[in-house]
2 protein chains.
Amino acid sequence: MEAIKKMNNKFLVLLTAIVMMAVSCSKSGENSPKNAASDPLPSWNEGQAKKAIIDFVTKTAKDSSAGFIPVADRIACFDNDGTLWSEQPVYFQLAFAIDRIKAMAPQHPEWKAKQPFKALLAGDMKTVMAGGEKAIVEIMKATHSGITTEEFEKSVSDWMATATHPKTGKHYNEMIYQPMVELLNYLRANGYKTFIVSGGGVDFIRPWAEQAYGIPPYQVIGSSGKVKYDVLDGKPVLTKLPELNFFDDKEGKPVGIYQYVGKRPVFAAGNSDGDYAMLQWTSMASGYPRFGMIVHHTDGEREWTYDRASPIGKLEKGLDDAAKYNWLIIDMKTDWKVVYPK
Amino acid sequence: MEAIKKMNNKFLVLLTAIVMMAVSCSKSGENSPKNAASDPLPSWNEGQAKKAIIDFVTKTAKDSSAGFIPVADRIACFDNDGTLWSEQPVYFQLAFAIDRIKAMAPQHPEWKAKQPFKALLAGDMKTVMAGGEKAIVEIMKATHSGITTEEFEKSVSDWMATATHPKTGKHYNEMIYQPMVELLNYLRANGYKTFIVSGGGVDFIRPWAEQAYGIPPYQVIGSSGKVKYDVLDGKPVLTKLPELNFFDDKEGKPVGIYQYVGKRPVFAAGNSDGDYAMLQWTSMASGYPRFGMIVHHTDGEREWTYDRASPIGKLEKGLDDAAKYNWLIIDMKTDWKVVYPK
């Protein structure tokens, strides 16, 4: 029972941490910096932050430099929610789950009399949230399991192609950060392998990450549920189960990087205390130079302003210890020329 | 209790399935086919098998071909034990574990009076094996946990650099199959991403796979134990725990490919019934052409002869169903010009 409770607990955090991506694509062509030769980070304002990034990349990629890192060890890990795309007012994966409940409702007449589905379908999110963990776990189980992996992938892609964000009206995958897309491209152009290391669900991210960020499925690490292999009617299928497989947040991030990447990163980027352990593990190593950065949400006009007091993307320890670990704090408002791709 | 029993059970199979790699390297330069332009597979004899491989790769990589596969979907998965290197008379990872017990013995005086360690240290493998599952689990726990990931990696590398195989006298990582190394190179030269999908321990394979096969750590999937993140004396460390994290064999192979690669392969290679589900999942898909192959151990002189009756690398279902699924059976004796790198 304790184990099940624990699992549910984790499922909750998973779901809570389950914010992400949006519509079917932001064409990768658009994401390539036009004049990368002259300025690899055109959407970044000139300043300390941009200079620190370029100095690090230049130093580590130049053969004759004291800070040179061999290509095989140029591993860069990025959180997703709040680091590569927005995460307000709710994690985008939660928005997906809610929309999915609505779409699935006709096949589930029993939901009309069953919480949290009844409240959710009536648009009464207050009652849903009052249901706490249990309600969220119910929503996650109903939307993220009992389905083949291929069906789930299609449901994510379909949602990304149609759903829009309540504040911006954009498709969710149009709310990726253009400056970060340029940073990913810049790192790759300099021999870095770029990985996503997200607390959100890995199979919610993979269907669109390649187009949005240029990151293939096998370089996306995230939380995951268990999956089962069967041959049904002569056809092999993988079915998603309502059981947590791996929870990729907080101390789970260095663990996930070890289990999936098998190498210690030299570059890590996050935005919340969920990324603290990953940043710490990346920074506190000898040998190569290391780079840790934190995206600080300071732009209430173009995006959102939040840090220490936010239930989503809470950033407290990271701010307190940034100087100690030499982490670069990105001030979204002053460091970024634009937020989203045009 | 049932769960723990199950776990131990899996640990056993893990260990049993835990055969692998050897000394510190077989220089990757040697593995590159010298005249790839004229013959990409010089260590393969001319014949049906070689022709089938070249036909498939040519067809799927040529833009104008009806069987063309876009680069992003050119995913090839290889079993390791018995497919990329030898696995007799015991899985090489078991040989590693046994040597490690011997090396650790001075720090464990209590082992002199405790089975299976007592028997193992006396060279009495009969008594060790009579201990069954429990004995194997004890050996695995003692050698594969309670150690940081960095210390474990070093112990693998050190062993590879020094240990030699009882029959061939070679370092274990010199017992990789030269024809398969050429096949890996050939696939990569044609835009394929190559992955290892092994029942053996992932952190036993990663330290030497890049040098031996050209496969980086993040493209190695295998069985794994849980790992814990801590900051000890101001230093972040990952410690290996005596708990199974993932068992990557049989039905676990398609599951592992889904969880780690996130794409369905178009090419898969194995040698035992532990690879059956992976081959089946790869072959039974619509859309692209698919290729499944099985290395059949038919060469008792240069390697070993075994299949249906072997406790290690048992191959029965694979032989029975090869025709049905159109899997290519590689006859090691007639299809391979050489077995190991020179």
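By convention here, each chain's residues receive numbers from 1 onward along its written sequence. Starting at A for chains and at 1 for ligands, labels are handed out in the order in which the entities are written. The model is predicted, so local features are restricted to residues of pLDDT at least 70 and side-chain atom pairs to those at 80 or more, both for listing and for counting; the totals for chains, interfaces and linings are taken over all residues. Only heavy atoms go into the side-chain values, all of them from the structure, while hydrogens and water stay out.

## Description of the overall build of chain A
Right, so step 1: The helix and strand labels rest on DSSP assignments: H or I over at least four residues marks a helix, E over at least two residues marks a strand, and numbering proceeds from the N terminus. Along chain A, the regular secondary structure elements total 14 helices and 8 strands.
Right, so step 2: Relative accessibility thresholds used throughout: buried, under 20% of the residue-type maximum; exposed, over 50%; partly exposed, between the two (1.4 Å probe, protein chains only). Evaluated residue by residue, chain A yields a buried proportion of 59% over its 342 residues.
Right, so step 3: Any two residues whose heavy atoms approach within 4.5 Å at even a single point are treated as in contact. Put simply, 72% of the contacts in chain A that link residues at least 6 apart link residues at least 24 apart.
Right, so step 4: Residue-level accessible areas treat just the shown protein chains as cover; the underlying method is Shrake-Rupley with a 1.4 Å probe. Carbon and sulfur atoms provide 54% of the accessible area of chain A, an area that totals close to 13,600 Å².

## Some details on the packing of helix 11 (residues 252-261) of chain B against helix 12 (residues 276-283) of chain B
All names here are of chain B.
Right, so step 1: Every angle, taken between N-to-C directions, lies between 0 and 180 degrees, and every axis is a line fitted to C-alpha atoms, over only the stretch in contact when it is a helix. Two elements in contact, helix 11 and helix 12, have axes separated by 6 Å at closest approach and are oriented at 60 degrees. In terms of orientation, helix 11 and helix 12 fall into the oblique class. Seen from helix 11, the contacting residues are Lys253, Pro254 and Ile257; seen from helix 12, they are Ala277, Met278 and Trp281.
Right, so step 2: Basically, the charged four are Asp, Glu, Lys and Arg, the nonpolar ten are Ala, Val, Leu, Ile, Met, Phe, Trp, Tyr, Cys and Pro, and anything else, Gly included, counts as polar. Grouping the constituent residues of the contact of helix 11 with helix 12 by class yields 5 nonpolar, no polar and 1 charged. Note on terminology: angles under 35 degrees are roughly parallel, angles over 145 are roughly antiparallel, angles of 65 to 115 are roughly perpendicular, and the others are oblique.

## Looking at the interface of chain B and chain A
Right, so step 1: At the junction of the two partners, chain B supplies 36 residues and chain A supplies 37 residues.
Right, so step 2: Nitrogen and oxygen atoms within 3.5 Å of one another constitute a polar contact, given that in protein one can donate a hydrogen and the other can accept it, and given that sequence-neighbouring residues count only through two side-chain atoms. On the surface where chain B and chain A come into contact, there are 18 residue pairs in polar contact (both at pLDDT 80 or more).
Right, so step 3: Considering every element that reaches the side of chain B that touches chain A, the biggest residue donor is strand 4 (residues 220-232) of chain B, with 7 residues.
Right, so step 4: Residue composition of the side of chain B that touches chain A, grouped by class: 17 nonpolar, 8 polar and 11 charged.

## Quick notes on the relation of the copies chain B and chain A
Right, so step 1: The fit set for superposing copies consists of C-alpha atoms from residues with pLDDT of at least 70 in both; the fit itself is least squares. Expressed as a screw transformation, the operator carrying chain B onto chain A has a rotation angle of 180 degrees and an axial translation of 0.0 Å, and the superposed copies differ by an RMSD of 0.0 Å. The operation mapping one copy onto its partner corresponds to a two-fold rotation axis. For chain B, the smallest separation between a C-alpha atom and the rotation axis is recorded for Tyr260(B), amounting to 3.4 Å.

## With respect to the packing of aromatic side chains
Right, so step 1: In this analysis, rings of Phe, Tyr and Trp, with Trp reduced to its six-membered ring, are considered paired at centre separations within 6.5 Å, and the interplanar angle assigns stacked below 30 degrees, edge-to-face beyond 60, and tilted for intermediate values. Tallied over the entire structure, the rule returns 45 aromatic pairs over all chains.
Right, so step 2: Should the NZ of a Lys or the CZ of an Arg lie within 6 Å of a ring centre and within 35 degrees of the ring normal, that charge is described as sitting over the ring. Of note, Lys167(A) hangs over the ring of Trp304(A), and the distance from its end group to the ring centre comes to 4.4 Å.
Right, so step 3: Above the ring of Phe152(B), the side-chain terminus of Lys240(B) is found at 4.6 Å from the ring centroid.

## Concerning the pairing of strand 8 (residues 328-331) of chain A
All names here are of chain A.
Right, so step 1: Burial along strand 8 is one-sided: the residues Leu328 and Ile330 are buried and none of Ile329 and Asp331 is.
Right, so step 2: When DSSP finds at least two bridges between two strands, those strands are taken to pair. Relative to strand 8, strand 6 (residues 291-298) runs parallel, the two sharing 4 bridges. Bridge pairing in strand 8 places His296 opposite Asp331.

## A word on the environment of Phe96(B)
All names here are of chain B.
Right, so step 1: Among the secondary structure elements, Phe96 is positioned in helix 4 (residues 92-104).
Right, so step 2: For the pair formed by Phe96 and Thr148, sequence separation is 52 residues and the distance between their alpha carbons is 17 Å.
Right, so step 3: Here Phe96 is in contact with His144, Phe152, Ser155, Val156, Trp159 and Phe204, once residues within four sequence places are set aside.

## Comments concerning the side chain of Asn185(B)
Residues and elements named next belong to chain B.
Right, so step 1: Within the fold, Asn185 resides in helix 9 (residues 178-189).
Right, so step 2: Judged by its relative accessible area of 19%, Asn185 falls in the buried class.
Right, so step 3: Reaching out from Asn185, the side chain makes a polar contact with the side chain of Arg188 at a distance of 2.8 Å.

## Re the confidence of the model for chain A
Right, so step 1: One confidence number per residue, pLDDT, is output by the predictor and ranges from 0 to 100. Chain-level statistics for chain A give a pLDDT mean of 90 and a share of 89% at 70 or above.
Right, so step 2: Across residues 1-36 of chain A the pLDDT falls below 50, and counting only partners more than four positions away or on other chains, this stretch makes 118 contacts in the model.

## Digging into helix 10 (residues 202-213) of chain B
Helical periodicity: at 3.6 residues per turn, an α-helix aligns residues three or four positions apart in one direction.
Right, so step 1: Of all 12 residues that make up helix 10 of chain B, 9 are buried, and the element is covered over most of its length.
Right, so step 2: Of the residues making up helix 10 of chain B, those classed as buried are Val202(B), Asp203(B), Phe204(B), Ile205(B), Arg206(B), Trp208(B), Ala209(B), Ala212(B) and Tyr213(B).

## Comments concerning the environment of Gly201(A)
Residue and element names in this part refer to chain A.
Right, so step 1: Structurally, Gly201 can be placed in strand 2 (residues 193-201).
Right, so step 2: Note on Gly201: relative accessible area 5%, which makes it buried.
Right, so step 3: Separated by 46 residues in sequence, Gly201 and Phe247 have C-alpha atoms that sit 8.9 Å apart.

## A word on the pairing of strand 5 (residues 267-270) of chain A
Residues and elements named next belong to chain A.
Right, so step 1: Going residue by residue along strand 5, you find Phe267 and Ala269 tucked away on one face and Ala268 and Gly270 tucked away on the opposite face as well.
Right, so step 2: Alignment of strand 1 (residues 75-78) against strand 5, held across 3 bridges, turns out to be parallel. Following the sheet pairing, Phe78 is matched in strand 5 by Ala269.
Right, so step 3: In terms of strand pairing, strand 5 meets strand 6 through 4 bridges, oriented parallel. Across the sheet, Gly270 pairs through a bridge with Ile294, a residue of strand 6.
Right, so step 4: Consider the strands pointing away from the viewer: the crossover is right-handed when the path from the first strand over the helix to the second runs clockwise. In terms of handedness, the path from strand 5 via helix 12 (residues 276-283) over to strand 6 forms a crossover that is right-handed.

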